[in-house]
Amino acid sequence: LALVERPRDLAGLSVLVSAGGTREPIDPVRFLGNRSSGRQGVAIARAAADRGATVTLVAAHLDADVRPDPRVEVISVGTADELGRAMDATAPDADVIIMAAAVADYSVAAVSEHKLRKQESPGTLTLDLVENRDVVAGLVAARRPGQTIVAFAAETVDSEQELLERARAKAARKGVDLLAANAVGWTRGFESADNALTIVGRDGDVVSMASGTKDDTAHALLDAVLAARTR
Ligand code: CTP
Ligand code: CA
(Lines give C-alpha, C1' and ligand atoms only; values in the text may rest on other atoms or scores of the structure.)
(Ligands and ions follow the chains in the order given, each with its own letter.)
Protein backbone atom coordinates (compact mmCIF):
# COMPACT_ATOMS: atom_id res chain seq x y z
CA LEU A 1 0.00 0.00 0.00
CA ALA A 2 1.47 3.31 -1.09
CA LEU A 3 0.51 6.30 1.00
CA VAL A 4 0.60 9.41 -1.14
CA GLU A 5 0.68 12.73 0.66
CA ARG A 6 -1.82 14.95 -1.11
CA PRO A 7 -1.67 18.74 -1.18
CA ARG A 8 -4.49 20.22 0.92
CA ASP A 9 -5.42 22.43 -2.01
CA LEU A 10 -9.18 22.06 -1.41
CA ALA A 11 -8.98 23.24 2.22
CA GLY A 12 -11.80 25.67 2.99
CA LEU A 13 -13.95 24.42 0.12
CA SER A 14 -17.26 22.63 0.46
CA VAL A 15 -17.64 19.84 -2.11
CA LEU A 16 -20.95 18.14 -2.86
CA VAL A 17 -20.82 14.86 -4.78
CA SER A 18 -23.61 12.58 -5.96
CA ALA A 19 -22.84 8.91 -6.58
CA GLY A 20 -24.42 5.58 -7.36
CA GLY A 21 -27.53 4.70 -9.30
CA THR A 22 -31.07 5.74 -8.49
CA ARG A 23 -33.82 3.13 -8.28
CA GLU A 24 -37.35 3.84 -9.46
CA PRO A 25 -39.99 1.65 -7.83
CA ILE A 26 -42.41 -0.40 -9.94
CA ASP A 27 -44.20 -1.98 -7.00
CA PRO A 28 -43.27 -2.66 -3.33
CA VAL A 29 -40.63 -5.24 -4.29
CA ARG A 30 -39.34 -4.19 -7.72
CA PHE A 31 -37.49 -1.28 -9.26
CA LEU A 32 -35.91 0.05 -12.45
CA GLY A 33 -32.20 0.51 -11.87
CA ASN A 34 -28.88 0.83 -13.64
CA ARG A 35 -25.39 -0.66 -13.39
CA SER A 36 -23.65 2.25 -11.64
CA SER A 37 -21.61 0.92 -8.70
CA GLY A 38 -20.97 4.32 -7.12
CA ARG A 39 -17.23 3.61 -7.22
CA GLN A 40 -16.17 6.72 -9.18
CA GLY A 41 -18.30 9.15 -7.15
CA VAL A 42 -17.21 7.65 -3.83
CA ALA A 43 -13.57 7.89 -4.99
CA ILE A 44 -14.09 11.58 -5.84
CA ALA A 45 -15.58 12.23 -2.39
CA ARG A 46 -12.64 10.50 -0.69
CA ALA A 47 -10.10 12.31 -2.89
CA ALA A 48 -11.67 15.68 -2.05
CA ALA A 49 -11.53 14.85 1.67
CA ASP A 50 -7.87 13.83 1.28
CA ARG A 51 -7.23 17.29 -0.20
CA GLY A 52 -8.83 19.09 2.73
CA ALA A 53 -12.38 19.75 1.50
CA THR A 54 -15.51 19.42 3.58
CA VAL A 55 -17.42 16.77 1.65
CA THR A 56 -21.07 15.79 1.43
CA LEU A 57 -22.06 12.72 -0.57
CA VAL A 58 -25.59 12.20 -1.82
CA ALA A 59 -25.56 8.45 -2.29
CA ALA A 60 -28.06 6.58 -4.40
CA HIS A 61 -27.66 2.80 -4.50
CA LEU A 62 -23.98 1.84 -4.04
CA ASP A 63 -22.57 -1.65 -4.58
CA ALA A 64 -22.06 -3.45 -1.26
CA ASP A 65 -18.25 -3.23 -1.44
CA VAL A 66 -18.28 0.53 -2.15
CA ARG A 67 -18.03 2.29 1.19
CA PRO A 68 -17.79 6.06 1.60
CA ASP A 69 -14.88 7.48 3.56
CA PRO A 70 -15.81 8.13 7.22
CA ARG A 71 -14.83 11.81 6.83
CA VAL A 72 -17.61 12.26 4.28
CA GLU A 73 -21.13 13.18 5.37
CA VAL A 74 -23.51 10.81 3.58
CA ILE A 75 -27.13 11.49 2.64
CA SER A 76 -28.73 8.28 1.35
CA VAL A 77 -31.44 8.51 -1.32
CA GLY A 78 -33.41 6.05 -3.44
CA THR A 79 -35.18 7.64 -6.37
CA ALA A 80 -34.19 10.38 -8.82
CA ASP A 81 -36.73 12.64 -7.15
CA GLU A 82 -35.17 12.06 -3.71
CA LEU A 83 -31.72 12.65 -5.14
CA GLY A 84 -32.91 15.90 -6.71
CA ARG A 85 -34.39 17.15 -3.47
CA ALA A 86 -31.24 16.25 -1.50
CA MET A 87 -29.05 18.04 -4.06
CA ASP A 88 -31.29 21.12 -4.10
CA ALA A 89 -31.19 21.29 -0.29
CA THR A 90 -27.40 20.98 0.02
CA ALA A 91 -26.23 22.80 -3.13
CA PRO A 92 -26.53 26.36 -1.76
CA ASP A 93 -23.66 25.64 0.69
CA ALA A 94 -21.41 23.98 -1.89
CA ASP A 95 -18.48 25.59 -3.68
CA VAL A 96 -18.09 22.59 -5.98
CA ILE A 97 -20.87 20.23 -7.14
CA ILE A 98 -19.97 16.99 -8.89
CA MET A 99 -22.88 14.99 -10.33
CA ALA A 100 -21.40 11.53 -10.68
CA ALA A 101 -24.67 9.71 -9.93
CA ALA A 102 -26.48 7.79 -12.64
CA VAL A 103 -29.89 9.41 -12.36
CA ALA A 104 -32.87 7.60 -13.86
CA ASP A 105 -34.27 9.49 -16.84
CA TYR A 106 -37.77 8.13 -16.23
CA SER A 107 -39.87 6.92 -13.36
CA VAL A 108 -42.91 4.66 -13.38
CA ALA A 109 -46.04 6.71 -13.98
CA ALA A 110 -48.29 4.67 -11.69
CA VAL A 111 -46.40 2.77 -8.98
CA SER A 112 -48.46 -0.25 -7.94
CA GLU A 113 -49.40 -0.49 -4.26
CA HIS A 114 -49.37 -4.28 -4.50
CA LYS A 115 -46.86 -6.64 -6.04
CA LEU A 116 -47.75 -6.94 -9.72
CA ARG A 117 -49.22 -10.36 -10.51
CA LYS A 118 -48.62 -12.17 -13.78
CA GLN A 119 -52.33 -12.94 -14.20
CA GLU A 120 -52.97 -9.18 -14.45
CA SER A 121 -50.71 -8.90 -17.55
CA PRO A 122 -50.51 -12.22 -19.38
CA GLY A 123 -47.90 -12.40 -22.15
CA THR A 124 -46.68 -8.83 -22.11
CA LEU A 125 -46.41 -6.11 -19.50
CA THR A 126 -46.35 -2.46 -20.49
CA LEU A 127 -45.14 0.14 -18.02
CA ASP A 128 -45.75 3.82 -18.68
CA LEU A 129 -42.71 5.91 -17.77
CA VAL A 130 -42.58 9.66 -17.27
CA GLU A 131 -39.47 11.78 -17.71
CA ASN A 132 -37.76 12.90 -14.51
CA ARG A 133 -36.58 16.45 -14.12
CA ASP A 134 -32.94 17.20 -14.90
CA VAL A 135 -31.32 17.73 -11.51
CA VAL A 136 -28.03 19.20 -12.71
CA ALA A 137 -29.84 21.60 -15.05
CA GLY A 138 -31.73 22.90 -12.02
CA LEU A 139 -28.47 23.33 -10.10
CA VAL A 140 -26.96 25.24 -13.03
CA ALA A 141 -30.03 27.50 -13.18
CA ALA A 142 -29.68 28.23 -9.43
CA ARG A 143 -25.88 28.51 -9.51
CA ARG A 144 -24.41 31.28 -7.41
CA PRO A 145 -21.18 33.11 -8.30
CA GLY A 146 -18.11 31.10 -7.43
CA GLN A 147 -19.85 27.76 -7.66
CA THR A 148 -18.30 25.15 -9.96
CA ILE A 149 -20.64 22.50 -11.37
CA VAL A 150 -19.45 19.26 -12.95
CA ALA A 151 -21.59 16.70 -14.78
CA PHE A 152 -20.72 13.20 -15.88
CA ALA A 153 -21.72 11.34 -19.02
CA ALA A 154 -21.43 7.60 -19.52
CA GLU A 155 -21.84 7.04 -23.23
CA THR A 156 -21.98 4.02 -25.54
CA VAL A 157 -19.84 5.11 -28.49
CA ASP A 158 -17.98 3.59 -31.42
CA SER A 159 -14.92 5.85 -31.24
CA GLU A 160 -13.04 8.35 -29.09
CA GLN A 161 -14.11 11.01 -31.58
CA GLU A 162 -17.78 10.21 -31.00
CA LEU A 163 -17.22 10.32 -27.22
CA LEU A 164 -15.68 13.77 -27.55
CA GLU A 165 -18.48 15.04 -29.78
CA ARG A 166 -21.14 13.77 -27.39
CA ALA A 167 -19.27 15.22 -24.39
CA ARG A 168 -19.04 18.65 -26.05
CA ALA A 169 -22.71 18.66 -26.99
CA LYS A 170 -23.78 17.59 -23.50
CA ALA A 171 -21.53 20.13 -21.74
CA ALA A 172 -23.04 22.91 -23.84
CA ARG A 173 -26.61 21.66 -23.38
CA LYS A 174 -26.19 21.38 -19.59
CA GLY A 175 -24.31 24.65 -19.11
CA VAL A 176 -21.90 22.99 -16.67
CA ASP A 177 -18.34 24.20 -16.07
CA LEU A 178 -16.90 20.76 -16.73
CA LEU A 179 -18.21 17.50 -18.10
CA ALA A 180 -16.40 14.21 -17.54
CA ALA A 181 -17.25 11.60 -20.18
CA ASN A 182 -16.44 7.94 -20.19
CA ALA A 183 -17.22 5.13 -22.61
CA VAL A 184 -19.41 2.31 -21.36
CA GLY A 185 -20.86 -0.85 -22.81
CA TRP A 186 -21.91 -4.39 -22.01
CA THR A 187 -18.38 -5.25 -20.93
CA ARG A 188 -16.97 -1.80 -20.29
CA GLY A 189 -16.98 0.83 -17.57
CA PHE A 190 -18.84 -0.69 -14.64
CA GLU A 191 -17.20 -3.72 -13.03
CA SER A 192 -13.66 -2.42 -13.35
CA ALA A 193 -11.74 -0.52 -10.70
CA ASP A 194 -10.22 1.50 -13.55
CA ASN A 195 -11.70 4.28 -15.59
CA ALA A 196 -10.83 6.65 -18.42
CA LEU A 197 -12.28 10.15 -18.41
CA THR A 198 -12.33 12.77 -21.14
CA ILE A 199 -12.97 16.07 -19.37
CA VAL A 200 -14.27 19.00 -21.41
CA GLY A 201 -14.86 22.60 -20.39
CA ARG A 202 -17.95 24.66 -21.12
CA ASP A 203 -16.63 25.77 -24.50
CA GLY A 204 -15.93 22.17 -25.50
CA ASP A 205 -12.19 22.44 -24.92
CA VAL A 206 -10.57 19.20 -23.70
CA VAL A 207 -9.08 20.15 -20.35
CA SER A 208 -7.93 16.68 -19.31
CA MET A 209 -7.66 13.08 -20.49
CA ALA A 210 -7.23 10.89 -17.43
CA SER A 211 -7.02 7.14 -17.06
CA GLY A 212 -6.03 4.79 -14.29
CA THR A 213 -7.70 3.71 -11.09
CA LYS A 214 -10.88 5.50 -10.10
CA ASP A 215 -8.75 7.22 -7.41
CA ASP A 216 -6.38 8.48 -10.11
CA THR A 217 -9.23 9.79 -12.25
CA ALA A 218 -10.87 11.33 -9.16
CA HIS A 219 -7.72 13.37 -8.47
CA ALA A 220 -7.40 14.35 -12.14
CA LEU A 221 -10.99 15.59 -12.07
CA LEU A 222 -10.33 17.64 -8.93
CA ASP A 223 -7.22 19.09 -10.59
CA ALA A 224 -9.45 20.16 -13.50
CA VAL A 225 -11.97 21.68 -11.06
CA LEU A 226 -9.24 23.75 -9.39
CA ALA A 227 -7.89 24.88 -12.77
CA ALA A 228 -11.41 25.89 -13.89
CA ARG A 229 -11.89 27.90 -10.68
CA THR A 230 -8.74 29.94 -11.22
CA ARG A 231 -9.39 30.59 -14.92
N1 CTP B 1 -28.57 14.07 -14.62
C2 CTP B 1 -29.38 14.78 -13.76
N3 CTP B 1 -30.73 14.57 -13.73
C4 CTP B 1 -31.28 13.68 -14.55
C5 CTP B 1 -30.48 12.93 -15.46
C6 CTP B 1 -29.12 13.16 -15.45
O7 CTP B 1 -28.86 15.62 -13.01
N8 CTP B 1 -32.60 13.48 -14.50
C9 CTP B 1 -27.13 14.35 -14.62
C10 CTP B 1 -26.23 13.16 -14.39
O11 CTP B 1 -25.96 12.99 -13.01
C12 CTP B 1 -24.98 13.54 -15.14
C13 CTP B 1 -25.50 14.43 -16.27
O14 CTP B 1 -26.80 14.83 -15.89
O15 CTP B 1 -24.11 14.32 -14.36
C16 CTP B 1 -25.55 13.75 -17.59
O17 CTP B 1 -26.36 12.61 -17.51
P18 CTP B 1 -26.71 11.82 -18.83
O19 CTP B 1 -27.61 10.68 -18.48
O20 CTP B 1 -25.44 11.53 -19.55
O21 CTP B 1 -27.47 12.94 -19.69
P22 CTP B 1 -28.97 13.16 -20.01
O23 CTP B 1 -29.19 14.64 -20.01
O24 CTP B 1 -29.86 12.36 -19.11
O25 CTP B 1 -29.10 12.69 -21.51
P26 CTP B 1 -29.16 11.19 -22.12
O27 CTP B 1 -29.33 10.20 -21.00
O28 CTP B 1 -30.31 11.22 -23.06
O29 CTP B 1 -27.85 11.02 -22.85
CA1 CA C 1 -29.71 10.13 -18.82
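Higher on the page you've got the structure.
The residue count restarts for each chain, going from 1 along the sequence in the order it is written. In the order they appear in the text, chains get letters beginning with A and ligands get numbers beginning with 1. Thresholds applied to this predicted model are a pLDDT of at least 70 for local features of residues and 80 or more for the giving and counting of side-chain atom pairs; totals over whole chains, interfaces and linings are not thresholded and use all residues. Side-chain metrics in this entry use all non-hydrogen atoms of the structure; hydrogen atoms and water are not considered.

Novice: Hey, could you run me through the pattern of salt bridges in this one?
Specialist: It is possible for side chains bearing opposite charge to pair when their charged atoms get close. A pairing counts as a salt bridge when a side-chain nitrogen of Lys or Arg comes within 4 Å of a carboxyl oxygen of Asp or Glu. Taken as a whole and judged by the stated rule, the model has 17 salt bridges. Residue Asp50 pairs with Arg71 through a salt bridge whose shortest N-O separation is 2.7 Å. Placement of the pair is Asp50 in helix 1 (residues 39-50) and Arg71 in the loop between strand 4 (54-59) and strand 5 (73-76), with a sequence separation of 21 residues. Summary of the burial criterion: residues with accessible area below 20% of their type's maximum are buried, those above 50% are exposed, and those between are partly exposed, where the area comes from a 1.4 Å probe applied to protein chains only. In this structure Asp50 comes out as partly exposed when scored by relative accessible area, which is 27%. What makes Arg71 partly exposed here is its relative accessible area of 47%. Of the charged contacts, one joins Asp95 and Arg144 as a salt bridge, the two residues approaching to 3.7 Å between their closest N and O atoms. Linking Asp95 in the loop between helix 2 (80-90) and strand 6 (96-99) with Arg144 in the loop between helix 3 (135-141) and strand 9 (148-155), this pair joins segments that are 49 residues apart in sequence. Take Asp95: its relative accessible area is 17%, and that puts it in the buried class. Each helix is a run of DSSP H or I of at least 4 residues and each strand a run of E of at least 2, with the numbering of both proceeding from the N terminus.

Novice: So what exactly am I meant to see when it comes to the side chain of Ser208 here?
Specialist: Tracing the backbone shows Ser208 in strand 12 (residues 206-213). The exposure class of Ser208 is buried, given its relative accessible area of 16%. In what follows, residue pairs with any heavy atoms lying within 4.5 Å of each other are defined as contacts. Dropping the residues within four chain positions of it, Ser208 is found in contact with Leu197, Thr198, Ile199 and Ala220.

Novice: Quick question: what am I supposed to make of the sheet that holds strand 9 here?
Specialist: Each strand in a sheet pairs with its neighbour through backbone hydrogen bonds, running either in the same direction (parallel) or in the opposite one (antiparallel). What makes two strands pair is DSSP finding at least two bridges between them. Strand order in the open sheet formed by 8 strands is 5-4-1-6-9-10-11-12, with mixed pairing between adjacent strands. Either end of the sheet is taken by a strand with one partner, and the two such strands are strand 5 and strand 12. Ignoring which end each strand starts from, the neighbouring axes of this sheet average 15 degrees apart. Direction of pairing for strand 10 (residues 178-183) relative to strand 11 (residues 194-201): antiparallel, over a ladder of 4 bridges. Here, axes are lines fitted to C-alpha atoms. For helices the fit covers the stretch in contact, and angles between N-to-C directions go from 0 to 180 degrees.

Novice: Would you mind showing me how to read the site of ligand 1 here?
Specialist: We call a residue near a given molecule or strand whenever any one of its heavy atoms falls within 4 Å of it. The environment of ligand 1 is formed by 15 residues, the closest being Met99, Arg133, Val136, Lys170 and Lys174. Pairs of N or O atoms within 3.5 Å make up the polar contacts considered here, provided that, within protein, one atom can donate a hydrogen while the other can accept it, and that residues adjacent in sequence are counted only when both atoms are side-chain atoms. In this structure, an oxygen atom belonging to ligand 1 sits 2.8 Å away from a main-chain N or O atom of Met99. In this structure, Val135 approaches ligand 1 through a main-chain N or O atom, which is 3.0 Å from a nitrogen atom. Note on areas: Shrake-Rupley, 1.4 Å probe, and residue coverage restricted to the protein chains presented here. Here ligand 1, which alone exposes 570 Å², has 77% of that area covered by the protein. Among the secondary structure elements, those contributing two or more residues to the shell around ligand 1 are helix 3, strand 9 and helix 4 (160-174). Note that Gly is not counted as nonpolar here; it falls among the polar residues with everything else outside the nonpolar set of Ala, Val, Leu, Ile, Met, Phe, Trp, Tyr, Cys and Pro and the charged set of Asp, Glu, Lys and Arg. Split into classes, the residues belonging to the shell around ligand 1 amount to 9 nonpolar, no polar and 6 charged.

Novice: In this structure, what is going on with the environment of Thr54? I would like to understand it.
Specialist: Considering the arrangement of structural elements, one finds Thr54 in strand 4. Relative accessible area serves as the criterion here: at 55%, Thr54 is assigned to the exposed category. Along the backbone, Thr54 and Arg71 are 17 residues apart, and their C-alpha atoms lie at a distance of 8.3 Å. The contact partners of Thr54, leaving out residues within four places of it in the chain, are Leu13, Ser14 and Val15.

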